[in-house]
Amino acid sequence: MNSEFPDPNEEFDLVHEEEYEILKEIEEFEKKKDTESGKIENSQEEQKRDKLNISRPNVYEELNAFTSNKYNKLCIPSTSKVIPSTNNDNCDTDVTKKRHYDELFGDISDMLDTNDLADIQEPKDKKPRWDEPQEIIKAVLDAREKFNEYSRGVSVNSKYIKDKRESISLRVPHWNFVALTRPRDAQRIYLRVKNDEQSKIKTNTHSISNLLSVPYSQLKTEAEEILITIVQNVKRASCETSHLPVTKTLEDDELWVDKYRPRSYIELLSDESVNRQLLHWIKLWDKTFAEKPFQELDSKGFPIQRIALLSGPPGLGKTTLAHLVAKHAGYNVVEINASDERSPDAFRQVLLASTQMKAVIGNDPRPNCLVLDEIDGAPTASIDLLLKFVQGKLIPKGKKDKTKTDKHVCHRPVICICNELYTPSLRALRVTAFIISVPEVSATKLADRLMEVSRKEKLKVNSDALLRLVEISGCDIRSCIGALQYMGGVNLGDNLSFALKDSRKGLFDSWKQILKIPVNRNGILPLSERVQLVLRTVQNGESEKLAQGIFHNYPEICSDKMNYVALCLKWFQFFDEILFLVGSLQTWSVMPYLNYAFVFWHLYFAKARNIKLSYPSIVYEMNQKHAKNIGILTTVQRNSGHNKIILTVDIAPFLPDLLSPQLRTVSGHLHSDKEKNDINRLVNVLIDFGLTFIQEKNFDERYDYKLDPNIFEIGIFPDCKYRRTLIYAVKQIIVQELEAERLRRVENAIKSMTKSAQNKKSITSESITNHNVTTNSATSDAKICNNATSKPNALEQSKKLQMETKDIKYKDFFGRTITVNQGEQKKLDKESIKSRNFLTKNSVWYKYKEGFSNAVRRNVKMKDLL
Amino acid sequence: MSLWVDKYRPTSLGKLDYHKEQAEYLKNMIQKGDFPHLLVYGPSGAGKKTRIMCIIRELYGCGIDRLRMETMTFETPSKKKLEITTISSNYHIEVNPSDVGIHDRVVVMDLVKTTAQTHQIDPSGQKEFKVVLLTNVDQLTKDAQHALRRTMEKYVATCRLILCANSTSRVLPAIRSRCLGIRVPAPSISDIKNILHLICKREGLTLPDELAKRLAETSGRNLRRAILMLEACKVEQYPFTANQNITEPDWQVYIRNTASMMVSEQSPKKLLAIRSRLYELLTHAIPCDLIFKGLLQECIKNCDLQLKIEIATVAAEYEHRMHKGSKSIFHLEAFVARFMAIYKKFIDSSLEGFV
């Protein structure tokens, strides 16, 4: 290190060795003092401050001059000696200021190595640049700033609060200071100067990087450690003082809804039966973990319904219920709600993560229970995914291996929560899930709880006001407690409207409102109020659905008086007419009259007793079925050309009879002539109507032939008449015949085409009629039909046809092109036998290749099949 | 065409089996070369369509036998795609606009216009006009019928419309007056009997006269149904016997049973049971007026004359209202309830008379 010193410095050292020794003594003396005062001073910092001295050389000098101390005597000569030399140096290096500056840092970095050396060199460094320009000051300030940041980063204040002693130092301190000499004993005292610029000064990273050589960082870490401990102490102290009030305010701000959330199963407000239902269901899962016999489990030991679906209006505590029950049963609740990403991909991840893994590291490795909150808002795709997953049909991505799919069966209970059970996206879920509808909390129970809350919060509320609040909020626990908290109970009675929820109600509520006579404490409400109430209920719109529901439910509710029912149904007619006017003619002006129908229904149907309503899902089912049947009719109509109404009313009812002749179940060639005729006729009818038999698997894994399109469904009504149905074997024969007949027709069509092409020279009107007849017979055969019918009829147009036939490449049943040999064509006669020849000669062949065995392979000619 | 109904359908005006006088008139009319638009009406199964096809064949010859079935697509102003099946030859096009429900106006406008606006290119074709055959005209919406009015006059040079309807009551008077109405009455019992015998003769079967009579009666003078019944009987049992079982359409039986339920008990519970049956009928695409008719006919059997009038009036009114609305179940059930109310009152009062 020493070797790196610039030569002039070395010389300098040698010259002033004496003085150095004295300085050393001073240093040691000061060090002792430092340790005595218990001050923790970093030698590195110290050195930096030493440099700072440079910035205040005048003060230093002046002070020195005043003193007449023993120390001072030692000091003064040293400084006075040094001063001229620095001046000299300055003179030398005036031209290259920059270089000096660099050198300075070079020196510093070296000096930092050892304390002793630094101490020795200190004056030397000071002196040469003691009246040096601002840059140095700035550089040093930067460096200091950088250092200060460490302490300031933790807490600026703490630094200033520090011991008072830290503001005064006997040694050259690490902060901004003004050096003073105590006149009494000529002791140098360094006073802290508060640096206002501290915050403004930006750190100069360049200079820092220069400063931060290895030894510096080592020192710095030491410093840091010390500072950190100090700061921590300070922090701890401040925490002890400030923590308490903070938490206290937090507690005050906490929502009462959370504060008074039930903490245990017993505290639940909701109906006990509902709670038990859910608890029972979740307990069924225990089988997965413990060997207990349960009945409602499937073969794999899971509950048959793997998802529980809680439904009910908001604020009844569904989420709380799910969480508590799961906790009660010993599960770890994993919740996904509307705020989480619920796209199918994200959903899948969460599903797999939560149901198939469990916390291994945590201190309570309990199994997870997945709670899907607000599921009615999730996309349908996600719900489908959930269902698939639960049913074990979910094949993991990337893994096609089916043997591993078993792992992906749901092993954990899944509880879904929704508000509206009849959301379309939940349709599939409704079928499979175990549905628990959470009923409204009883008003008194809720009022009691509210009373308890207000007592705990030292609110003065009378129970009547609470009951009223409960009534208005519609037994919404959350809104009640919310209202209670923010109204402070002071003027609860006056500001009740505040607690009103959005008055929009579900369909069921509206239906109930219409079909139930409203009762208050004084008995049945007066008529005018009832009418008002109904009108208000209906105003929300959806009148069509409302009417549908009333229509669906009224026979269960209404009294036996048929003339009332008849009167009410007249209003349904009225309703329908108005709706039609609005819907098809856009006569919106009549729309308001719809609502009065509801009043009428209310007056005639409504009952005072509790009613059970059901959703008019039958309408949807019927629409589906109707659409399906219309689809069948349309296809048949397209094939047969019969009108839809004629089909339904006249033809379809007889088809089941016409298509089920008495046939013995023997192979085709054993049939009698009559039976053959029957089959023939049957096949022809089937082709005419474009019907086929399609092989399908039954529920009991047996094959059966189904008519397609199944026109029987339209013709046959339940419990009307016993009908003979064809047995499987007979149907098989028919299907074979059907295929053969199809082929035959194709062939005929081809023949008639080629024939007409051949007869180009001698076309008689008669032949055309013949031709027509043949093509006519084949109209039902789609492909050929198109070819045949596209031909024009008139004489002169047949020429055009001949042109066409040259271009057309005929395709046979299997899609191979048939090359028509002109020479052969001449030999062809009108008879079908000839046409068979034509077919067989033209490379139509059929290979029977069952079992891949050559033993049974033989060539079968088309001729044999027809 | 293997069903007897199709197989033995007369193909020319000369071969028609009944209403021969009318057939003669039609033949004369066509031979004169030109004729106005036609409105052929009559009950179903009377042979309207057969007659129309005969007329067209008489006009154009055998060319119309080469039929092709096409699906045409139309677009409503609201961009809804409609598909409709048409049966056409080079000379005529047959379409049932009511297939597309309330959008039939678009079909009528587009289809009739495009067909009518294209002139016959071939000068040697027998006639200068094409024929557009619209079936089930009585089921067209008012809109569609209005759209038809102007087209009928405008394109009279290039096309003739033949409208086919069950009854003229739901055809606009404006259209009725633009057409030559041809009524095709249902064949009489003896007509049907003759035809059934004829078919059996051609099929080489022997048909007892009593069975033929019974068939004709149960068919309700609907020839199509009579022939289908005959064929069903033949499949069921041959040789025929005079008192053999005749298959009736299921829906008729079903409606009859429903009506007897109405008579047997009058209560909201029964109404609920009947409703499900009505739904069943509706989903089988049975036209609602047929349901109305069937119910009324069955119910009335149990009523005295005074009641018959009342119920028939009610039924007429309710059916009319049904056509003004769109949800037929409301109207059907309203009728059922009304009948129950009336009938119950009647029964109660007559019981009081006894007491």
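Residues numbered from 1 in each chain as written. Chains lettered and ligands numbered in written order. Predicted model: local features only at pLDDT ≥ 70, side-chain atom pairs only at ≥ 80, totals over all residues. Heavy atoms only, no water.

As annotated in an unreviewed UniProt entry, chain B carries the name Replication factor C subunit 3 and is attributed to Frieseomelitta varia. Reading the Sequence similarities (unreviewed entry) entry of the UniProt record for chain B gives the comment "Belongs to the activator 1 small subunits family." (UniProt positions renumbered as here; feature names shortened; annotations may be inferred.)

Where an unreviewed UniProt entry is consulted, chain A appears under the name AAA+ ATPase domain-containing protein, with the organism given as Frieseomelitta varia. For chain A, the Sequence similarities (unreviewed entry) comment in UniProt is given as "Belongs to the activator 1 small subunits family. CTF18 subfamily." Under the Subcellular location (unreviewed entry) heading, UniProt states for chain A: "Nucleus".

Right, let's talk about the overall build of chain A for a bit. For chain A, the count of helices and strands is 38 helices and 16 strands. Residues classed as buried in chain A amount to 45% of the 866 residues present. Considering only contacts in chain A between residues 6 or more positions apart, those separated by 24 or more positions represent 71%. Carbon and sulfur atoms provide 54% of the accessible area of chain A, an area that totals close to 47500 Å². (Helix = DSSP H or I, 4+ residues; strand = E, 2+ residues; numbered from the N terminus. Buried < 20%, exposed > 50% of the residue type's maximum accessible area, 1.4 Å probe, protein only. Contact = heavy atoms within 4.5 Å. Areas by Shrake-Rupley, 256 points an atom, 1.4 Å probe, with all protein chains shown as cover.)

As a further point, take the interface of chain A and chain B. Contacts between the two partners involve 81 residues from chain A and, on the opposite side, 73 residues from chain B. Summed over the three residues of chain A that lose the most area to chain B, namely Met562, Phe654 and Phe717 of chain A, the buried surface amounts to 11% of that side. Where chain A packs against chain B, one counts nine salt bridges. Counting across the chain A and chain B interface gives 22 residue pairs in polar contact (both at pLDDT 80 or more). The biggest single contributor to the side of chain A that touches chain B is helix H25 (residues 562-585) of chain A, with 14 residues. Taken together, the residues of the side of chain A that touches chain B break down into 35 nonpolar, 25 polar and 21 charged. (Buried area = accessible area lost by both parts, 1.4 Å probe. Salt bridge = Lys/Arg side-chain N within 4 Å of Asp/Glu carboxyl O. Polar contact = N/O pair within 3.5 Å; in protein donor to acceptor, adjacent residues only side chain to side chain. Nonpolar A, V, L, I, M, F, W, Y, C, P; charged D, E, K, R; others polar.)

Going from Asp708 of chain A to Pro709 of chain A, the amide bond is cis rather than trans, its omega being -10°. Note that Pro709 of chain A resides in the loop between strand E12 (703-708) and helix H31 (712-715). Phi angles above zero are rare outside glycine, and His19 of chain B is one such case at about 50°. The topology assignment puts His19 of chain B in the loop between helix H1 (4-7) and helix H2 (20-31). A positive phi angle is found at Lys79 of chain B, which is not glycine, with a value near 65°. With respect to the element layout, Lys79 of chain B can be found in the loop between strand E2 (68-75) and strand E3 (81-88).

A word on helix H23 (residues 527-538) of chain A. With 12 residues, H23 of chain A should reach 16 Å at 1.5 Å per residue; the first-to-last C-alpha distance of 17 Å fits that figure. Buried residues in H23 of chain A make contact with helix H22 (507-515), strand E10 (523-524), helix H24 (543-557) and helix H26 (594-605) of chain A. (Expected span 1.5 Å × (residues − 1).)

Quick look at the environment of Val470 of chain A now. All names here are of chain A. Tracing the backbone shows Val470 in helix H20 (residues 463-473). Classification of Val470 by relative accessible area gives buried; the value is 0%. When the C-alpha atoms of Val470 and Lys445 are compared, they prove to be 10.0 Å apart, with 25 residues separating the residues in sequence.

Here the focus is the nonpolar core. Residues Phe598 and Trp601 of chain A together with Phe335 of chain B are the most contacted members of the largest nonpolar core, which totals 79 residues. Ranked by residues supplied to this core, first place goes to helix H14 (residues 328-354) of chain B with 12 residues. Discounting chain neighbours no more than four positions away, the residues touching Phe335 of chain B are Met262, Phe292, Leu295, Leu296, Ile311, Val314, Ala315 and Tyr318 of chain B. Judged by nonpolar contacts, the second largest core, of 58 residues, contains Leu3, Val5, Ile195 and Ala285 of chain B. (Core = buried A, V, L, I, M, F, W, Y, C linked by side-chain atoms within 4.5 Å.)

Our focus in this paragraph is helix H5 (residues 142-154) of chain B. An α-helix turns once every 3.6 residues. As a result, residues three or four positions apart point the same way. Residues and elements named next belong to chain B. Taking 1.5 Å per residue, 13 residues should reach 18 Å; H5 reaches 19 Å between its end C-alpha atoms and fits that length. All buried positions along H5 are accounted for by Ala144, Gln145, Ala147, Leu148, Thr151 and Met152. Each buried residue of H5 lies within a common arc of 160° when the element is viewed along its axis, so the set occupies one face. Away from its buried face by more than 90 degrees, H5 exposes Lys142, Arg150 and Lys154. Here the buried face of H5 lies against strand E1 (37-41), helix H4 (104-117), strand E5 (130-134), strand E6 (159-165), helix H6 (173-178) and strand E7 (179-183). (Arc of directions from axis to C-beta.)

On to the pattern of salt bridges. Under the defined criterion, the tally for this structure stands at 33 salt bridges over all chains. Between Asp704 of chain A and Lys731 of chain A there is a salt bridge, and its shortest N-O distance comes to 3.9 Å. Separated by 27 residues along the polypeptide, Asp704 of chain A in strand E12 and Lys731 of chain A in helix H32 (residues 728-758) bring together distant segments of the chain. You can call Lys731 of chain A buried: its relative accessible area is 12%. Here Arg170 of chain B makes a salt bridge to Asp289 of chain B, at a shortest N to O gap of 3.5 Å. Of this pair, Arg170 of chain B sits in the loop between E6 and H6 while Asp289 of chain B sits in helix H12 (residues 288-300), placing them 119 residues apart in sequence. Arg170 of chain B gets classed as partly exposed once you look at its relative accessible area, which sits at 35%. Among the residues examined, Asp289 of chain B registers a relative accessible area of 24% and is labelled partly exposed.

Residue and element names in this part refer to chain A. Strand order in the open sheet formed by three strands is E1-E3-E2, with antiparallel pairing between adjacent strands. Single-partner strands in this sheet number two, and they are strand E1 (168-169) and strand E2 (177-181). One ladder, built from five bridges, connects E2 with strand E3 (residues 188-192); its direction is antiparallel. Following the sheet pairing, Leu180 is matched in E3 by Ile189. (Pairing = 2+ DSSP bridges.)

Here we come to the pairing of E12 of chain A. Here is the key point about a regular strand: its side chains alternate between the two faces of the sheet. Residue and element names in this part refer to chain A. Taken together, the six bridges between strand E11 (residues 692-697) and E12 define a ladder with antiparallel strand orientation. Paired with Thr692 across the bridge in E12 is Asp708. The hairpin turn running from E11 into E12, its antiparallel successor, is five residues long, and Glu701 in that turn takes a positive phi close to 65°.

On to the sheet that holds E5 of chain B, then. All names here are of chain B. The strand order across the open sheet built from seven strands is E2-E3-E4-E5-E6-E1-E7, with neighbouring strands paired in mixed fashion. The open sheet has two free edges, formed respectively by E2 and E7, since each of these has just one partner strand. Going from strand to strand, the sheet's axes swing by 25° on average, the running direction of each strand aside. Looking at chain direction, E5 and E6 are connected through five bridges and run parallel. In the sheet register, Val131 faces E6, and the bridge partner there is Arg160. Lying on the sheet, helix H3 (residues 48-60) is in contact with E1, strand E4 (92-95), E5 and E6; it crosses E5 at an angle near 175°. (Axes fitted to C-alpha atoms, helices over the stretch in contact; angles between N-to-C directions.)

All names here are of chain A. Running from amino to carboxyl end, H23 crosses H26 at an angle of 130°, the nearest separation of the two axes being 9 Å. Of the possible angle classes, the one that applies to H23 and H26 is oblique. Where H23 crosses over H26, the handedness of that crossing is right-handed. On the side of H23, the interface is formed by Leu527, Arg530, Val531, Val534, Leu535 and Val538, while H26 contributes Asn595, Tyr596, Phe598, Val599, His602 and Leu603. Grouping the constituent residues of the contact of H23 with H26 by class yields nine nonpolar, two polar and one charged. (Parallel < 35°, antiparallel > 145°, perpendicular 65-115°, else oblique. Left-handed = near helix turned anticlockwise from the far one by under 90°.)

Between H24 of chain A and helix H11 (residues 268-283) of chain B, the least distance of the axes is 7 Å, while the angle of their chain directions is 145°. Crossing hand, H24 of chain A versus H11 of chain B: left-handed. For the pair formed by H24 of chain A and H11 of chain B, the contact residues are Phe551, His552, Tyr554, Pro555 and Glu556 of chain A on the first element and Pro268, Leu271, Leu272, Arg275 and Tyr279 of chain B on the second. Split into classes, the residues belonging to the contact of H24 of chain A with H11 of chain B amount to seven nonpolar, one polar and two charged.

Residue and element names in this part refer to chain B. In this model, chain B carries a mean pLDDT of 87, and residues with pLDDT of at least 70 account for 97%. Within chain B, H4 has the poorest average pLDDT of any element, 82, and E1 the best, 93. At the level of chain-chain contacts, confidence expressed as ipTM amounts to 0.90, with global pTM at 0.58. (pLDDT = per-residue confidence, 0-100.)

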